Amino acid sequence: MTNFQRTLLLGCGLAALSGCGPDGVASPGTSGNVNVDITNPAPTPAPSPTPTATVKPAGACPTLTNDGSVELKDQGTITGPTGEYRICELPSLIKKSVTLPKVTGLLYAMNGRVDVGCDGGFKAPTAGAPYTSTTVGCSTPLEADTNVTLSIDPGVILYARTGQSWIAVNRGNKINAVGTASAPIIFTSQDNVAGINTDSSIGQWGGVVLLGRGKITDCDVGTTAAGTCERDTEGAVNLARFGGNDDTYNAGTMKYFQIRYSGFVLSANKELQALTPEGIGSGTVIEHFQSHNSSDDGMELFGGVVNIKGYVATGADDDSLDVDTGSRASLQNVLLIQRPGQGDALMEIDSNGKETETPRTNLKVVNFLGLQLSTSPSNEGADKAATLFRGNADVTLYNGAIITPQNECIRMTSNTDSANRATLTARSVVLQCNSTKYIGDGSGSAPFTADQVKTAFGAGANNNSDTFTNTLTMTFVNGANEDAIVTTDPSTLSSFFAAAPSPYHIGAAWSGNTAWYKGWTCDSSYADFGSGSACTSLPTT
(Lines give C-alpha, C1' and ligand atoms only; values in the text may rest on other atoms or scores of the structure.)
Protein backbone atom coordinates (compact mmCIF):
# COMPACT_ATOMS: atom_id res chain seq x y z
CA MET A 1 0.00 0.00 0.00
CA THR A 2 1.31 3.49 -0.87
CA ASN A 3 1.95 5.99 1.88
CA PHE A 4 -0.39 8.93 2.00
CA GLN A 5 -0.61 12.24 3.80
CA ARG A 6 -3.49 13.34 5.85
CA THR A 7 -4.86 16.59 4.54
CA LEU A 8 -5.24 19.69 6.66
CA LEU A 9 -8.61 20.46 8.23
CA LEU A 10 -9.56 24.06 7.76
CA GLY A 11 -12.53 26.17 8.80
CA CYS A 12 -13.96 29.34 7.36
CA GLY A 13 -13.48 31.45 10.45
CA LEU A 14 -10.81 33.63 8.78
CA ALA A 15 -11.72 37.28 8.80
CA ALA A 16 -9.96 37.81 5.49
CA LEU A 17 -12.38 35.69 3.49
CA SER A 18 -13.99 37.83 0.82
CA GLY A 19 -17.29 35.93 0.87
CA CYS A 20 -17.97 36.41 4.58
CA GLY A 21 -19.78 39.73 4.25
CA PRO A 22 -19.22 43.27 5.55
CA ASP A 23 -18.66 44.10 9.18
CA GLY A 24 -21.79 46.29 9.16
CA VAL A 25 -23.56 46.24 12.51
CA ALA A 26 -23.47 44.06 15.59
CA SER A 27 -26.16 41.40 15.61
CA PRO A 28 -28.94 42.48 18.02
CA GLY A 29 -31.24 40.23 19.91
CA THR A 30 -28.89 37.31 20.48
CA SER A 31 -26.79 38.39 23.43
CA GLY A 32 -28.53 36.57 26.24
CA ASN A 33 -30.77 33.66 26.79
CA VAL A 34 -33.24 33.15 23.97
CA ASN A 35 -36.53 31.54 24.90
CA VAL A 36 -37.67 29.48 21.93
CA ASP A 37 -40.05 26.60 21.53
CA ILE A 38 -38.54 24.13 19.11
CA THR A 39 -41.16 21.54 18.39
CA ASN A 40 -38.93 18.77 17.10
CA PRO A 41 -37.30 17.57 20.32
CA ALA A 42 -36.68 14.01 19.17
CA PRO A 43 -32.97 13.34 18.76
CA THR A 44 -31.60 13.12 15.25
CA PRO A 45 -31.36 9.48 14.19
CA ALA A 46 -27.81 8.21 14.02
CA PRO A 47 -26.46 7.59 10.52
CA SER A 48 -25.98 4.06 9.32
CA PRO A 49 -22.95 2.31 10.82
CA THR A 50 -19.74 2.13 8.86
CA PRO A 51 -19.71 -1.05 6.75
CA THR A 52 -17.18 -3.71 7.58
CA ALA A 53 -14.27 -4.10 5.18
CA THR A 54 -15.41 -6.12 2.18
CA VAL A 55 -13.81 -4.56 -0.89
CA LYS A 56 -10.84 -6.21 -2.60
CA PRO A 57 -8.55 -4.22 -4.92
CA ALA A 58 -9.02 -4.38 -8.67
CA GLY A 59 -6.17 -6.03 -10.51
CA ALA A 60 -5.23 -3.07 -12.72
CA CYS A 61 -6.29 0.33 -13.95
CA PRO A 62 -8.50 0.41 -17.06
CA THR A 63 -7.21 1.58 -20.44
CA LEU A 64 -9.09 4.75 -21.34
CA THR A 65 -7.92 5.37 -24.92
CA ASN A 66 -6.40 3.11 -27.57
CA ASP A 67 -3.71 5.64 -28.45
CA GLY A 68 -2.34 6.28 -24.96
CA SER A 69 -3.34 9.96 -25.07
CA VAL A 70 -5.02 9.73 -21.64
CA GLU A 71 -3.39 7.26 -19.29
CA LEU A 72 -4.16 6.43 -15.70
CA LYS A 73 -1.22 6.03 -13.33
CA ASP A 74 -1.38 2.96 -11.11
CA GLN A 75 -0.45 4.20 -7.62
CA GLY A 76 -0.82 0.89 -5.84
CA THR A 77 -3.56 0.44 -3.27
CA ILE A 78 -5.09 2.22 -0.32
CA THR A 79 -6.82 0.58 2.62
CA GLY A 80 -9.69 1.93 4.70
CA PRO A 81 -12.51 0.59 6.87
CA THR A 82 -14.50 -0.54 3.83
CA GLY A 83 -11.67 -2.49 2.22
CA GLU A 84 -8.67 -2.16 -0.09
CA TYR A 85 -8.79 -0.30 -3.40
CA ARG A 86 -6.64 0.07 -6.51
CA ILE A 87 -5.61 3.73 -6.97
CA CYS A 88 -5.85 4.94 -10.58
CA GLU A 89 -4.59 8.51 -10.81
CA LEU A 90 -5.87 10.92 -13.44
CA PRO A 91 -3.39 12.98 -15.49
CA SER A 92 -3.19 16.73 -14.85
CA LEU A 93 -4.62 17.42 -18.34
CA ILE A 94 -7.31 15.29 -19.97
CA LYS A 95 -6.73 15.92 -23.68
CA LYS A 96 -9.27 13.53 -25.20
CA SER A 97 -12.83 12.50 -24.36
CA VAL A 98 -12.83 9.51 -22.02
CA THR A 99 -15.18 7.58 -19.75
CA LEU A 100 -14.28 6.53 -16.22
CA PRO A 101 -15.99 3.15 -15.82
CA LYS A 102 -17.23 1.80 -12.52
CA VAL A 103 -14.85 -1.01 -11.50
CA THR A 104 -15.26 -2.87 -8.21
CA GLY A 105 -12.30 -2.28 -5.92
CA LEU A 106 -11.02 0.75 -7.85
CA LEU A 107 -10.86 4.46 -6.97
CA TYR A 108 -9.93 7.25 -9.36
CA ALA A 109 -7.57 9.78 -7.82
CA MET A 110 -6.59 13.42 -8.33
CA ASN A 111 -3.12 14.61 -7.40
CA GLY A 112 -3.32 18.36 -7.89
CA ARG A 113 -5.42 20.26 -10.41
CA VAL A 114 -7.02 18.20 -13.17
CA ASP A 115 -8.00 20.15 -16.31
CA VAL A 116 -10.68 18.83 -18.63
CA GLY A 117 -9.55 20.09 -22.04
CA CYS A 118 -7.89 23.39 -22.86
CA ASP A 119 -9.57 26.72 -22.15
CA GLY A 120 -10.94 27.97 -25.46
CA GLY A 121 -11.39 31.59 -24.42
CA PHE A 122 -14.23 34.11 -24.37
CA LYS A 123 -15.75 32.59 -27.53
CA ALA A 124 -14.89 29.52 -29.55
CA PRO A 125 -11.63 30.05 -31.47
CA THR A 126 -11.43 29.73 -35.25
CA ALA A 127 -8.70 29.43 -37.85
CA GLY A 128 -9.11 33.14 -38.53
CA ALA A 129 -9.11 34.04 -34.83
CA PRO A 130 -6.98 31.46 -32.97
CA TYR A 131 -6.70 31.54 -29.20
CA THR A 132 -3.62 30.86 -27.12
CA SER A 133 -4.97 28.89 -24.19
CA THR A 134 -3.78 29.73 -20.68
CA THR A 135 -4.31 26.14 -19.51
CA VAL A 136 -1.03 24.50 -18.49
CA GLY A 137 0.03 22.00 -21.18
CA CYS A 138 -1.98 23.73 -23.93
CA SER A 139 0.70 25.86 -25.60
CA THR A 140 -0.38 25.49 -29.26
CA PRO A 141 -2.81 28.22 -30.42
CA LEU A 142 -6.29 26.73 -30.76
CA GLU A 143 -8.26 27.06 -33.99
CA ALA A 144 -11.30 25.36 -32.44
CA ASP A 145 -12.48 24.27 -29.02
CA THR A 146 -10.84 21.07 -27.81
CA ASN A 147 -14.33 19.64 -27.11
CA VAL A 148 -13.14 17.18 -24.48
CA THR A 149 -15.86 15.44 -22.44
CA LEU A 150 -15.03 13.69 -19.18
CA SER A 151 -17.75 11.06 -18.66
CA ILE A 152 -18.15 9.35 -15.30
CA ASP A 153 -20.25 6.23 -14.81
CA PRO A 154 -22.74 5.74 -11.94
CA GLY A 155 -21.17 4.63 -8.67
CA VAL A 156 -17.67 5.91 -9.48
CA ILE A 157 -15.67 7.41 -6.58
CA LEU A 158 -13.01 10.05 -7.26
CA TYR A 159 -10.83 11.19 -4.39
CA ALA A 160 -8.15 13.80 -3.84
CA ARG A 161 -4.71 12.57 -2.80
CA THR A 162 -3.66 16.13 -1.86
CA GLY A 163 -5.47 19.21 -0.62
CA GLN A 164 -4.55 21.18 -3.75
CA SER A 165 -6.50 18.75 -5.94
CA TRP A 166 -9.49 20.02 -7.89
CA ILE A 167 -11.23 19.57 -11.24
CA ALA A 168 -11.51 22.42 -13.77
CA VAL A 169 -13.86 21.84 -16.72
CA ASN A 170 -12.54 24.53 -19.04
CA ARG A 171 -14.45 26.61 -21.57
CA GLY A 172 -15.10 24.63 -24.74
CA ASN A 173 -15.24 21.29 -22.89
CA LYS A 174 -17.77 19.29 -20.84
CA ILE A 175 -18.34 16.91 -17.97
CA ASN A 176 -20.91 14.12 -18.15
CA ALA A 177 -21.13 12.83 -14.58
CA VAL A 178 -24.48 11.07 -14.39
CA GLY A 179 -25.09 8.86 -11.39
CA THR A 180 -28.35 7.27 -10.31
CA ALA A 181 -30.44 7.36 -7.15
CA SER A 182 -28.98 4.00 -6.11
CA ALA A 183 -25.44 4.61 -7.45
CA PRO A 184 -24.41 8.25 -6.97
CA ILE A 185 -21.05 9.57 -8.11
CA ILE A 186 -18.89 10.65 -5.15
CA PHE A 187 -16.10 13.24 -5.18
CA THR A 188 -14.25 13.16 -1.87
CA SER A 189 -10.98 13.29 0.07
CA GLN A 190 -8.26 10.80 0.97
CA ASP A 191 -9.14 11.01 4.67
CA ASN A 192 -12.67 9.93 3.80
CA VAL A 193 -11.30 6.86 2.03
CA ALA A 194 -9.02 6.11 4.98
CA GLY A 195 -11.92 6.29 7.44
CA ILE A 196 -10.42 9.18 9.41
CA ASN A 197 -13.20 11.73 8.96
CA THR A 198 -15.86 12.74 11.47
CA ASP A 199 -18.92 14.97 11.24
CA SER A 200 -16.59 17.94 11.88
CA SER A 201 -14.13 17.25 9.04
CA ILE A 202 -13.97 19.97 6.36
CA GLY A 203 -11.68 21.52 3.76
CA GLN A 204 -9.59 18.54 2.67
CA TRP A 205 -9.42 19.22 -1.10
CA GLY A 206 -10.53 21.76 -3.67
CA GLY A 207 -13.78 20.86 -5.41
CA VAL A 208 -15.35 20.83 -8.89
CA VAL A 209 -15.33 23.98 -11.04
CA LEU A 210 -17.42 24.40 -14.21
CA LEU A 211 -16.12 27.24 -16.39
CA GLY A 212 -18.39 28.71 -19.07
CA ARG A 213 -19.09 31.58 -21.45
CA GLY A 214 -22.15 33.08 -19.80
CA LYS A 215 -22.42 36.78 -18.99
CA ILE A 216 -20.85 37.87 -15.72
CA THR A 217 -20.01 41.03 -13.78
CA ASP A 218 -17.15 42.11 -11.49
CA CYS A 219 -14.60 41.76 -14.28
CA ASP A 220 -10.93 40.87 -13.86
CA VAL A 221 -10.49 41.33 -17.63
CA GLY A 222 -12.58 43.54 -19.94
CA THR A 223 -15.75 45.43 -18.99
CA THR A 224 -19.47 44.74 -18.83
CA ALA A 225 -20.13 47.91 -20.83
CA ALA A 226 -18.06 46.61 -23.74
CA GLY A 227 -19.41 43.08 -23.37
CA THR A 228 -15.92 41.67 -22.77
CA CYS A 229 -16.11 40.77 -19.09
CA GLU A 230 -14.09 37.80 -17.79
CA ARG A 231 -13.11 36.64 -14.30
CA ASP A 232 -10.48 34.35 -12.85
CA THR A 233 -11.24 31.51 -10.46
CA GLU A 234 -10.49 32.67 -6.92
CA GLY A 235 -7.31 31.17 -5.50
CA ALA A 236 -6.21 29.32 -8.64
CA VAL A 237 -2.42 29.50 -8.94
CA ASN A 238 -2.66 29.09 -12.73
CA LEU A 239 -5.41 30.86 -14.63
CA ALA A 240 -8.85 29.27 -14.75
CA ARG A 241 -10.79 31.96 -16.58
CA PHE A 242 -14.52 32.18 -17.30
CA GLY A 243 -17.06 34.49 -18.89
CA GLY A 244 -18.41 35.34 -22.32
CA ASN A 245 -21.65 36.34 -24.05
CA ASP A 246 -23.36 32.94 -24.31
CA ASP A 247 -25.99 32.49 -21.60
CA THR A 248 -27.03 29.16 -23.19
CA TYR A 249 -23.54 27.71 -22.74
CA ASN A 250 -23.43 23.95 -22.10
CA ALA A 251 -20.76 22.78 -19.63
CA GLY A 252 -22.25 19.27 -19.54
CA THR A 253 -24.51 17.27 -17.26
CA MET A 254 -24.15 16.35 -13.58
CA LYS A 255 -26.83 14.28 -11.85
CA TYR A 256 -27.04 12.29 -8.62
CA PHE A 257 -23.66 13.19 -7.16
CA GLN A 258 -22.02 14.16 -3.87
CA ILE A 259 -19.05 16.42 -3.22
CA ARG A 260 -17.66 15.84 0.28
CA TYR A 261 -15.11 17.64 2.51
CA SER A 262 -14.10 20.28 -0.08
CA GLY A 263 -12.88 23.88 0.29
CA PHE A 264 -9.10 23.62 0.68
CA VAL A 265 -7.32 27.02 0.67
CA LEU A 266 -5.67 27.21 -2.76
CA SER A 267 -3.85 30.50 -2.16
CA ALA A 268 -4.13 33.82 -0.32
CA ASN A 269 -6.98 32.64 1.94
CA LYS A 270 -9.08 31.78 -1.15
CA GLU A 271 -11.06 28.56 -0.96
CA LEU A 272 -13.06 26.65 -3.50
CA GLN A 273 -16.60 25.52 -2.84
CA ALA A 274 -17.87 21.97 -3.29
CA LEU A 275 -19.33 22.95 -6.67
CA THR A 276 -18.48 26.23 -8.37
CA PRO A 277 -20.41 26.97 -11.58
CA GLU A 278 -18.69 29.98 -13.16
CA GLY A 279 -20.36 31.58 -16.17
CA ILE A 280 -22.18 28.42 -17.23
CA GLY A 281 -25.40 28.67 -19.22
CA SER A 282 -28.88 27.23 -19.47
CA GLY A 283 -27.59 24.34 -21.59
CA THR A 284 -25.85 22.90 -18.52
CA VAL A 285 -27.86 20.35 -16.52
CA ILE A 286 -27.37 20.01 -12.74
CA GLU A 287 -29.74 17.81 -10.75
CA HIS A 288 -29.66 15.98 -7.40
CA PHE A 289 -26.47 17.34 -5.89
CA GLN A 290 -25.32 17.12 -2.27
CA SER A 291 -22.55 19.31 -0.91
CA HIS A 292 -21.29 17.93 2.40
CA ASN A 293 -18.99 19.72 4.88
CA SER A 294 -17.40 22.28 2.58
CA SER A 295 -15.11 24.62 4.48
CA ASP A 296 -16.36 27.48 2.30
CA ASP A 297 -19.76 27.68 0.60
CA GLY A 298 -21.80 24.62 -0.19
CA MET A 299 -22.09 26.06 -3.69
CA GLU A 300 -21.24 29.47 -5.11
CA LEU A 301 -22.67 30.60 -8.43
CA PHE A 302 -20.60 33.16 -10.35
CA GLY A 303 -22.58 34.77 -13.19
CA GLY A 304 -24.19 32.95 -16.09
CA VAL A 305 -27.54 31.15 -16.07
CA VAL A 306 -27.85 28.23 -13.63
CA ASN A 307 -30.83 25.86 -13.29
CA ILE A 308 -30.76 23.23 -10.54
CA LYS A 309 -33.35 20.73 -9.33
CA GLY A 310 -32.59 18.93 -6.09
CA TYR A 311 -29.85 20.66 -4.07
CA VAL A 312 -28.86 19.47 -0.58
CA ALA A 313 -26.24 21.41 1.40
CA THR A 314 -25.13 19.90 4.70
CA GLY A 315 -22.50 21.35 6.99
CA ALA A 316 -21.15 24.25 4.89
CA ASP A 317 -18.74 26.26 7.01
CA ASP A 318 -19.52 29.50 5.17
CA ASP A 319 -22.79 29.96 3.24
CA SER A 320 -24.94 27.05 2.14
CA LEU A 321 -25.83 28.94 -1.05
CA ASP A 322 -23.88 31.92 -2.40
CA VAL A 323 -24.98 33.67 -5.62
CA ASP A 324 -23.21 36.68 -7.10
CA THR A 325 -21.49 38.48 -10.04
CA GLY A 326 -24.62 38.63 -12.18
CA SER A 327 -25.75 35.01 -11.87
CA ARG A 328 -29.33 34.33 -12.87
CA ALA A 329 -30.22 31.17 -10.96
CA SER A 330 -33.34 29.05 -10.50
CA LEU A 331 -33.45 26.26 -7.90
CA GLN A 332 -36.26 23.90 -6.90
CA ASN A 333 -36.31 21.37 -4.03
CA VAL A 334 -33.61 22.78 -1.80
CA LEU A 335 -32.46 21.66 1.68
CA LEU A 336 -29.92 23.90 3.44
CA ILE A 337 -28.87 22.36 6.76
CA GLN A 338 -26.04 23.74 8.89
CA ARG A 339 -23.92 21.85 11.39
CA PRO A 340 -24.87 22.84 14.94
CA GLY A 341 -23.03 26.02 15.91
CA GLN A 342 -21.12 26.25 12.61
CA GLY A 343 -21.44 28.06 9.31
CA ASP A 344 -22.34 31.58 8.23
CA ALA A 345 -25.56 32.32 6.33
CA LEU A 346 -27.97 29.90 4.75
CA MET A 347 -28.00 32.23 1.74
CA GLU A 348 -25.78 35.14 0.71
CA ILE A 349 -26.98 36.78 -2.50
CA ASP A 350 -25.31 39.85 -4.01
CA SER A 351 -23.14 41.64 -6.52
CA ASN A 352 -21.80 43.84 -3.76
CA GLY A 353 -19.60 46.75 -4.82
CA LYS A 354 -20.60 46.54 -8.50
CA GLU A 355 -24.21 47.67 -8.20
CA THR A 356 -24.39 49.52 -11.53
CA GLU A 357 -23.17 46.59 -13.61
CA THR A 358 -25.51 44.31 -15.53
CA PRO A 359 -26.80 41.68 -15.58
CA ARG A 360 -28.12 42.01 -12.05
CA THR A 361 -27.82 38.97 -9.84
CA ASN A 362 -31.21 37.24 -9.84
CA LEU A 363 -32.13 34.24 -7.69
CA LYS A 364 -35.40 32.30 -7.67
CA VAL A 365 -35.79 29.50 -5.11
CA VAL A 366 -38.95 27.37 -4.98
CA ASN A 367 -39.74 24.75 -2.34
CA PHE A 368 -36.94 25.12 0.15
CA LEU A 369 -36.07 24.69 3.80
CA GLY A 370 -33.23 26.56 5.48
CA LEU A 371 -32.38 25.12 8.89
CA GLN A 372 -30.07 26.91 11.34
CA LEU A 373 -31.04 25.73 14.81
CA SER A 374 -28.25 27.45 16.77
CA THR A 375 -26.16 30.57 16.49
CA SER A 376 -22.68 30.42 15.00
CA PRO A 377 -19.65 32.64 15.72
CA SER A 378 -19.02 32.84 11.98
CA ASN A 379 -22.52 34.14 11.30
CA GLU A 380 -22.47 36.53 14.26
CA GLY A 381 -19.21 38.03 13.00
CA ALA A 382 -20.04 38.16 9.30
CA ASP A 383 -23.48 38.00 7.64
CA LYS A 384 -25.25 38.41 11.02
CA ALA A 385 -28.51 36.78 9.90
CA ALA A 386 -29.66 33.53 8.36
CA THR A 387 -29.98 35.21 4.96
CA LEU A 388 -28.15 38.23 3.53
CA PHE A 389 -29.34 40.09 0.42
CA ARG A 390 -27.31 43.03 -0.84
CA GLY A 391 -25.86 44.73 -3.92
CA ASN A 392 -27.83 44.71 -7.16
CA ALA A 393 -29.50 41.38 -6.40
CA ASP A 394 -33.14 40.47 -6.98
CA VAL A 395 -34.29 37.57 -4.79
CA THR A 396 -37.56 35.67 -5.19
CA LEU A 397 -38.54 33.02 -2.62
CA TYR A 398 -41.63 30.80 -3.05
CA ASN A 399 -43.06 28.07 -0.83
CA GLY A 400 -40.30 27.83 1.74
CA ALA A 401 -39.30 28.07 5.38
CA ILE A 402 -36.37 29.64 7.19
CA ILE A 403 -36.09 28.06 10.63
CA THR A 404 -33.50 29.85 12.76
CA PRO A 405 -35.09 30.35 16.20
CA GLN A 406 -32.00 31.85 17.84
CA ASN A 407 -30.97 34.16 15.01
CA GLU A 408 -32.24 37.02 12.88
CA CYS A 409 -33.86 35.78 9.68
CA ILE A 410 -33.21 38.40 7.00
CA ARG A 411 -30.59 41.11 6.60
CA MET A 412 -30.59 43.51 3.67
CA THR A 413 -27.64 45.82 3.04
CA SER A 414 -27.36 48.71 0.59
CA ASN A 415 -24.09 50.38 -0.30
CA THR A 416 -25.64 52.16 -3.29
CA ASP A 417 -28.66 54.29 -4.21
CA SER A 418 -32.29 53.19 -4.08
CA ALA A 419 -32.40 52.42 -7.82
CA ASN A 420 -29.63 49.82 -7.65
CA ARG A 421 -30.05 48.16 -4.28
CA ALA A 422 -31.33 44.63 -3.64
CA THR A 423 -34.97 43.58 -3.82
CA LEU A 424 -36.90 40.75 -2.15
CA THR A 425 -40.14 39.07 -3.22
CA ALA A 426 -41.60 36.36 -0.96
CA ARG A 427 -44.68 34.23 -1.47
CA SER A 428 -45.80 31.48 0.95
CA VAL A 429 -42.61 31.79 2.99
CA VAL A 430 -42.54 31.36 6.77
CA LEU A 431 -39.91 32.49 9.26
CA GLN A 432 -39.04 31.30 12.76
CA CYS A 433 -36.54 33.83 14.11
CA ASN A 434 -35.43 35.46 17.32
CA SER A 435 -37.27 38.56 18.50
CA THR A 436 -35.35 40.92 16.20
CA LYS A 437 -36.12 39.07 12.93
CA TYR A 438 -34.86 41.74 10.51
CA ILE A 439 -31.67 43.77 10.05
CA GLY A 440 -31.31 46.71 7.66
CA ASP A 441 -28.07 48.61 7.13
CA GLY A 442 -25.62 49.97 4.57
CA SER A 443 -23.23 52.78 3.76
CA GLY A 444 -24.64 54.14 0.48
CA SER A 445 -27.13 56.91 -0.14
CA ALA A 446 -30.07 54.57 0.54
CA PRO A 447 -29.25 52.17 3.39
CA PHE A 448 -31.97 49.76 4.45
CA THR A 449 -33.78 50.11 7.75
CA ALA A 450 -35.12 47.10 9.63
CA ASP A 451 -38.66 48.30 8.93
CA GLN A 452 -37.93 48.40 5.19
CA VAL A 453 -36.67 44.83 5.31
CA LYS A 454 -39.82 43.81 7.19
CA THR A 455 -41.94 45.51 4.54
CA ALA A 456 -40.00 43.84 1.73
CA PHE A 457 -40.72 40.41 3.22
CA GLY A 458 -44.39 41.27 3.74
CA ALA A 459 -45.51 39.18 6.69
CA GLY A 460 -49.28 38.86 6.85
CA ALA A 461 -49.69 39.09 3.10
CA ASN A 462 -49.10 36.66 0.21
CA ASN A 463 -49.29 33.71 2.65
CA ASN A 464 -46.12 34.89 4.43
CA SER A 465 -45.58 34.68 8.18
CA ASP A 466 -42.77 35.79 10.51
CA THR A 467 -44.37 34.30 13.64
CA PHE A 468 -44.17 30.68 12.55
CA THR A 469 -43.52 27.78 14.92
CA ASN A 470 -42.08 24.74 13.21
CA THR A 471 -43.42 21.22 13.64
CA LEU A 472 -40.69 19.55 11.60
CA THR A 473 -40.15 15.84 12.07
CA MET A 474 -36.99 13.85 11.35
CA THR A 475 -35.16 17.23 11.36
CA PHE A 476 -36.43 18.53 8.01
CA VAL A 477 -39.73 16.82 7.06
CA ASN A 478 -42.93 18.88 7.25
CA GLY A 479 -45.31 18.54 10.16
CA ALA A 480 -48.84 19.85 10.54
CA ASN A 481 -47.90 23.56 10.70
CA GLU A 482 -45.81 23.44 7.55
CA ASP A 483 -48.44 21.54 5.59
CA ALA A 484 -51.11 24.04 6.66
CA ILE A 485 -49.49 26.98 4.85
CA VAL A 486 -51.23 27.93 1.62
CA THR A 487 -48.84 27.59 -1.34
CA THR A 488 -48.27 29.85 -4.32
CA ASP A 489 -48.10 28.54 -7.88
CA PRO A 490 -44.47 28.98 -9.05
CA SER A 491 -45.18 28.32 -12.73
CA THR A 492 -45.72 32.04 -13.27
CA LEU A 493 -42.04 32.60 -12.49
CA SER A 494 -40.64 30.28 -15.14
CA SER A 495 -41.43 27.12 -17.05
CA PHE A 496 -38.44 25.61 -15.23
CA PHE A 497 -40.53 25.22 -12.07
CA ALA A 498 -42.51 22.06 -12.59
CA ALA A 499 -45.52 21.23 -10.46
CA ALA A 500 -44.61 19.39 -7.27
CA PRO A 501 -46.23 16.04 -6.39
CA SER A 502 -49.76 16.32 -5.01
CA PRO A 503 -50.51 17.25 -2.30
CA TYR A 504 -48.32 20.34 -2.75
CA HIS A 505 -46.85 22.08 0.31
CA ILE A 506 -44.15 24.54 1.30
CA GLY A 507 -40.69 23.30 2.26
CA ALA A 508 -38.74 20.58 0.47
CA ALA A 509 -39.92 17.37 2.16
CA TRP A 510 -43.39 16.21 3.08
CA SER A 511 -45.45 13.04 2.84
CA GLY A 512 -45.43 12.27 -0.88
CA ASN A 513 -42.30 14.35 -1.57
CA THR A 514 -39.39 12.58 0.12
CA ALA A 515 -38.20 10.25 -2.64
CA TRP A 516 -36.26 12.98 -4.44
CA TYR A 517 -33.46 13.08 -1.84
CA LYS A 518 -33.30 9.42 -0.79
CA GLY A 519 -30.68 6.93 -1.87
CA TRP A 520 -28.16 9.24 -3.52
CA THR A 521 -27.43 11.37 -0.44
CA CYS A 522 -25.17 10.49 2.49
CA ASP A 523 -26.15 10.69 6.17
CA SER A 524 -24.57 12.50 9.12
CA SER A 525 -25.50 12.85 12.79
CA TYR A 526 -27.14 16.23 12.12
CA ALA A 527 -28.88 15.32 8.83
CA ASP A 528 -30.04 11.75 8.31
CA PHE A 529 -31.74 11.27 4.94
CA GLY A 530 -32.36 7.58 5.46
CA SER A 531 -30.06 6.74 2.59
CA GLY A 532 -28.22 4.01 4.50
CA SER A 533 -24.80 5.45 3.65
CA ALA A 534 -22.78 7.52 6.13
CA CYS A 535 -20.87 10.51 4.76
CA THR A 536 -17.86 9.40 6.80
CA SER A 537 -17.74 6.09 4.93
CA LEU A 538 -17.80 4.79 1.35
CA PRO A 539 -20.32 2.56 -0.39
CA THR A 540 -19.08 -1.01 -0.81
CA THR A 541 -21.01 -1.77 -3.98
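Preceding this section is the structure that the text describes.
Conventions we followed
- Residues numbered from 1 in each chain as written.
- Predicted model: local features only at pLDDT ≥ 70, side-chain atom pairs only at ≥ 80, totals over all residues.
- Heavy atoms only, no water.
- Phe/Tyr/Trp six-rings, centres within 6.5 Å; stacked < 30°, edge-to-face > 60°.
- Lys NZ or Arg CZ within 6 Å of the ring centre and 35° of its normal.
- Helix = DSSP H or I, 4+ residues; strand = E, 2+ residues; numbered from the N terminus.
- Buried < 20%, exposed > 50% of the residue type's maximum accessible area, 1.4 Å probe, protein only.
- Contact = heavy atoms within 4.5 Å.
- Salt bridge = Lys/Arg side-chain N within 4 Å of Asp/Glu carboxyl O.

A closer look at the packing of aromatic side chains
Inspection of every chain in the model, using the stated rule, returns eleven aromatic pairs. Here the aromatic cluster, defined as three or more aromatic residues joined through ring pairs, consists of Phe476, Trp516, Tyr517 and Phe529. Sitting above the plane of the Phe496 ring, Lys309 keeps its charged end 4.8 Å from the centroid. The ring centre of Phe448 lies 4.0 Å from the NZ or CZ of Arg421, which sits over that ring.

Notes on the environment of Leu424
Looking at where Leu424 falls in the secondary structure, it is placed in strand 29 (residues 423-432). A relative accessible area of 9% means that Leu424 is categorised as buried. Along the primary structure Leu424 and Asp394 are separated by 30 residues, whereas in three dimensions their C-alpha atoms are 6.1 Å apart. Not counting residues up to four positions away in its chain, the partners in contact with Leu424 are Phe389, Val395, Leu397, Ile410, Met412, Ala456 and Phe457.

Quick notes on the pattern of salt bridges
Oppositely charged side chains can pair when the atoms bearing their charge come close. Within this structure, the stated rule accounts for 17 salt bridges. In this structure, Arg171 and Glu230 form a salt bridge, with 2.8 Å as the shortest nitrogen-oxygen distance. Here Arg171, found in the loop between strand 9 (166-169) and strand 10 (174-178), pairs with Glu230, found in the loop between strand 12 (208-211) and strand 13 (231-232); they are 59 residues apart in sequence, far enough to count as distant. Like Glu230, Arg171 is buried. When the shortest N-O distance is used, the salt bridge between Asp317 and Arg339 registers 2.4 Å. With Asp317 in the loop between strand 21 (305-314) and strand 22 (321-324) and Arg339 in the loop between strand 23 (328-337) and strand 24 (347-349), this residue pair connects regions lying 22 residues apart in the sequence. We classify Arg339 as buried; its relative accessible area is 8%.

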